[in-house]
2 protein chains.
Amino acid sequence: MSDPSSSSSSNAAESIAKAAREAFEQSQLVDVSERDLALKAIREVLEGKKDEVLAANKEDMETAEALLAQGKLSKSLVSRLDLSRSGKFQAMLQGITDVASLPVPTGQVTFAKELGPGLDLHRVTCPVGVLLVIFEARPEVVVNIAALAIKSGNAAILKGGKESLRTSTILSSLIAEALSKTSIPPTFIQSVSTRSEISSLLAQDKYIDLVMPRGGNELVKSIQNNTRIPVMGHADGICAVYVDETAVEEKALRVVVESKTDYMAACNSAETLLIHESLLSTLWPKLASTLISNNVHLRCDALTLSSLKDLAEASSEFISESTEEDYHTEFLGPILAVKTVKSVSEAIKHINSHSSHHTDSIITENEESMSSWCRGLDSANCFINASTRFADGTRYGLGTEVGISTGKTHARGPVGLDGLVIYKYMMRSKNTSGSTIADYEKGDNRYTHEDLERGKPPF
Amino acid sequence: MSDPSSSSSSNAAESIAKAAREAFEQSQLVDVSERDLALKAIREVLEGKKDEVLAANKEDMETAEALLAQGKLSKSLVSRLDLSRSGKFQAMLQGITDVASLPVPTGQVTFAKELGPGLDLHRVTCPVGVLLVIFEARPEVVVNIAALAIKSGNAAILKGGKESLRTSTILSSLIAEALSKTSIPPTFIQSVSTRSEISSLLAQDKYIDLVMPRGGNELVKSIQNNTRIPVMGHADGICAVYVDETAVEEKALRVVVESKTDYMAACNSAETLLIHESLLSTLWPKLASTLISNNVHLRCDALTLSSLKDLAEASSEFISESTEEDYHTEFLGPILAVKTVKSVSEAIKHINSHSSHHTDSIITENEESMSSWCRGLDSANCFINASTRFADGTRYGLGTEVGISTGKTHARGPVGLDGLVIYKYMMRSKNTSGSTIADYEKGDNRYTHEDLERGKPPF
């Protein structure tokens, strides 16, 4: 506490968080339709200042390319940073319009009862409040998250990757400029740029309601360790496909190959393959051969390994023995851990104790196996004869995706705008003397608890 | 880590947490109807062993009464500990039957879409997993929480107040004895008895999904500071009543008096009273007089204080000047902090920055004030002309109450069995070749995202 810089960073964090909270509270009385007007204003300002944004992005790119040349940044990161690539700026703007066209997730009545004569209770969805969102070095995410926050009525404090700092900074200031012409306060969306600001913000549980770290297990855990604020995290994606005894060959081949090879850096790609022991000498060698022809390296347990003897001579570099660690690993590349199991329940047990509870698919024709899978598997997405790559907000028809939650409270799996709301109870007495519990518990009235039509919220 | 006792407590905690997780996973394949049979079995065993339970309770009571005599425990705590009071044991047993008769919160379809031809997605409610519940020294709560956990399909680890240790221990072992005769594993409900076990359990985020501390702000904060596991906390209840310009006198008097005096130790009792400035010389003195006649001490700001000049002479011991601290205080007794405000928006601003976002009531006839109140107030329960004491799961018709959440994610306000569930997505391909995203994104099929009838879950 005696370090003046840390104390000033903590004061700055408190001011930012407090301003966000005030902006949130102020915005609650603003009509919901103003949110779409604010999104429109942001789109217009960004469209008009495209050159300035791209100039800032060019500076970020130059710094990044120098670091790439020194081997300090990856090529894929630098490529994700580039906002000048054909269509990318336009897609960012279109994203704002797309979010504006989604249904408003707040103001929905999810429960309505007459508690007793003259006393109506409604449970109405509302924004969570103030979000702190920490994300990777993709500058367009600033705009995307700002749009989602505004549409759902949540104020947000954003922190992007340091490599995109100049681009993020100008995007944020243009968003504030646009908001200043609308009914939404300009401090509704704010940005911070340093890690020390994040750690100070994590102490502001008085003002911040939810932290959303997008960026893997280590980031999520370190944030959970350092805050009292609830965390909606997107941690690892260790997904499995299990090929059951009754699997149809074509289904197994198509689903396994796509789950593994379609986009290997995605969290919903498969990292583990479980094979029923009855298939070791039949389906398994064909599947292995197909995977190898797709350049996938197989790390096999003893039984799946020995079943590939013939294949191993021709493709020895693609086949090796697995370690226990392999079954806990998110490879994000052309490696697949393979294991033999004796039954669907052994497969479920393996996945429950090794996976990240994200997405797992079974290949089977057996209804009982399907039922065990969907009920016994403690995963957000339990699939049958379908690629793990379907686990995605857009593919689910949620309209957009805030992230994929690997947590088990509030929101799980692909999270749409609905994951950014909570609810409040609104109760109104229409009785001429108001309502006390004594009226219903000791007086003439009694609780009826009759369901009311949900319809529109009372206010 | 070199302290052998701490390492053994941490090993013990891991074993307990792992056993709970395994019991949870095992139970997922058990038919839902078995949960009610388990509840019935627990009731029967407890009924048969009533004498043993009361004997253990008598020992707890003797220890507690000795501590009471030494001034180390409060009378109310000792009274809450007593399970032999008339009707209390029977009420505990009836509670099990009541929970059994509630609707099952799991297996509800909350979203169902055909993603495209032959590919159906259902979002189905399911238990959160393993709960760690920390509660006060009321032994019957062990039975109540066990019943709620079983009904909702969650395994639970329970820690009650140390004063009820002997009673809790025998209740827990009888619950395990009853479960061992059913399809629900006996380790589905476990108890721990020491604080050091709790701190070791808070590190078991691999096995435990949700911590529910019931016992005030300090306990909740200390747990949030020491775990990565999500916390559903029941912290302070700093509730306010605001008497608006257009308030009807009778409504104001009835609602304010009940909100403050009905049960002062309750979290949904009022601690703050806000008075519109136009009422200072009219309604306010009458209200003050009524409160004083109910033995309520008023801590007033300058304006409400000077408006009570006439009254103050007769009742000086009930009227004093407030401090800023009073507006942040949960008195839980016959004290009320009073403040003048100029408008509904000033009232909202005061409450948003001083209250615990629990329950606040406005007395008004003005529709615009009502709307501002329900929208602008960042509280779980926003009431109009009704007593704050209505904020309760049973009064809301939720069937039971797991607790009142003062958090803003997952569940907010009075929490019923619904607050103990989350959901998973179940997806099934009915296509003859299974389903890949390529089929819908590059092939002949397209996403349709048509809503399906919700009905029963597929499995």
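Everything below is about the structure shown above.
Here we summarise the structure given alongside this text. Note that the structure is predicted; figures quoted are calculated from it, not measured.

1. Section: the interface of chain B and chain A
Move 1: Across the boundary between the two partners, chain B contributes 85 residues, which contact 85 residues of chain A.
Move 2: Taken together, the two surfaces of chain B and chain A that pack against each other cover about 7,600 Å², and 53% of this comes from carbon and sulfur.
Move 3: Put simply, chain B and chain A have ten salt bridges between them.
Move 4: Linking Asp439(B) and Arg254(A) is a salt bridge whose minimum nitrogen-to-oxygen distance equals 2.6 Å.

2. Some thoughts on the pairing of strand 6 (residues 210-213) of chain B
Along any regular strand, the residues point their side chains to alternate faces of the sheet.
All names here are of chain B.
Move 1: Side chains Leu210 and Met212 of strand 6 all project onto a buried face; the interleaved residues Val211 and Pro213 project onto the opposite face, where all are buried too.
Move 2: Both strand 3 (residues 130-134) and strand 6 contribute to a ladder of four bridges, which runs parallel. Paired with Ile134 across the two strands is Pro213, which belongs to strand 6.

3. Details of the sheet that holds strand 7 (residues 239-243) of chain B
Move 1: Spatially, eleven strands are ordered 17(A)-1(A)-2(A)-16(A)-13(B)-12(B)-7(B)-8(B)-11(B)-9(B)-10(B) in an open sheet, and the strand pairing comes out mixed. The open sheet is flanked by strand 17 (450-451) of chain A together with strand 10 (319-321) of chain B, the only strands paired with a single partner.
Move 2: In the sheet, strand 9 (residues 297-300) of chain B pairs with strand 10 of chain B via three bridges, with the strands oriented parallel. Bridging from a neighbouring strand, Leu298(B) pairs with Ile319(B) of strand 10 of chain B.

4. Notes on the relation of the copies chain B and chain A
The operation relating the two chain copies consists of a rotation about an axis and a shift along that axis.
Move 1: With an RMSD of 0.0 Å, chain B superimposes on chain A once it is rotated by 180° and translated 0.0 Å along the axis. Those values place the two copies in the arrangement expected of a two-fold rotation axis. No C-alpha of chain B approaches the rotation axis more nearly than that of His410(B), which lies at 1.9 Å.
Move 2: Same-surface contact between copies: 100% of interface residues of chain B are shared with the interface of chain A.

5. Examining helix 6 (residues 140-152) of chain A
Note on helix geometry: an α-helix contains 3.6 residues per turn, so any two residues three or four positions apart are oriented the same way.
Residue and element names in this part refer to chain A.
Move 1: Its 13 residues place the ends of helix 6 19 Å apart at the C-alpha level, agreeing with the 18 Å of an ideal helix rising 1.5 Å per residue.
Move 2: Among the 13 residues in helix 6, twelve count as buried, and that is most of the element.
Move 3: In the stretch just after helix 6, Gly153 is the one whose phi turns positive, near 85°.

6. Quick word on the packing of helix 3 (residues 50-69) of chain B against helix 7 (residues 165-179) of chain B
All names here are of chain B.
Move 1: Contact geometry for helix 3 and helix 7: axes closest at 7 Å, N-to-C directions at 160°. One way to sum up the angle between helix 3 and helix 7 is to call them roughly antiparallel. The chirality of how helix 3 crosses helix 7 is right-handed. Of helix 7, the residues touching helix 3 (which contributes Glu52, Val53, Ala56, Asn57, Glu59, Asp60 and Thr63) are Leu165, Arg166, Thr167, Ile170, Leu171 and Leu174.

7. A short note on the pattern of salt bridges
Move 1: Enumeration according to the criterion identifies 54 salt bridges over all chains in this entry.
Move 2: For Asp205(B), the salt bridge is made with Arg228(B), and the minimal N-O distance between the two is 2.9 Å. One end of the pair, Asp205(B), is in the loop between helix 8 (195-201) and strand 6; the other, Arg228(B), is in the loop between helix 9 (216-224) and strand 7, and 23 residues separate them in sequence.
Move 3: Within this structure, Arg21(A), Glu25(A), Asp209(A), Asp378(B), Lys408(B) and Arg412(B) form a network of salt bridges that share partners.

Reading the values: the criteria
- Residues numbered from 1 in each chain as written.
- Chains lettered and ligands numbered in written order.
- Predicted model: local features only at pLDDT ≥ 70, side-chain atom pairs only at ≥ 80, totals over all residues.
- Heavy atoms only, no water.
- Contact = heavy atoms within 4.5 Å.
- Buried area = accessible area lost by both parts, 1.4 Å probe.
- Salt bridge = Lys/Arg side-chain N within 4 Å of Asp/Glu carboxyl O.
- Buried < 20%, exposed > 50% of the residue type's maximum accessible area, 1.4 Å probe, protein only.
- Helix = DSSP H or I, 4+ residues; strand = E, 2+ residues; numbered from the N terminus.
- Pairing = 2+ DSSP bridges.
- Least-squares fit on C-alpha atoms with pLDDT ≥ 70 in both.
- Expected span 1.5 Å × (residues − 1).
- Axes fitted to C-alpha atoms, helices over the stretch in contact; angles between N-to-C directions.
- Parallel < 35°, antiparallel > 145°, perpendicular 65-115°, else oblique.
- Left-handed = near helix turned anticlockwise from the far one by under 90°.

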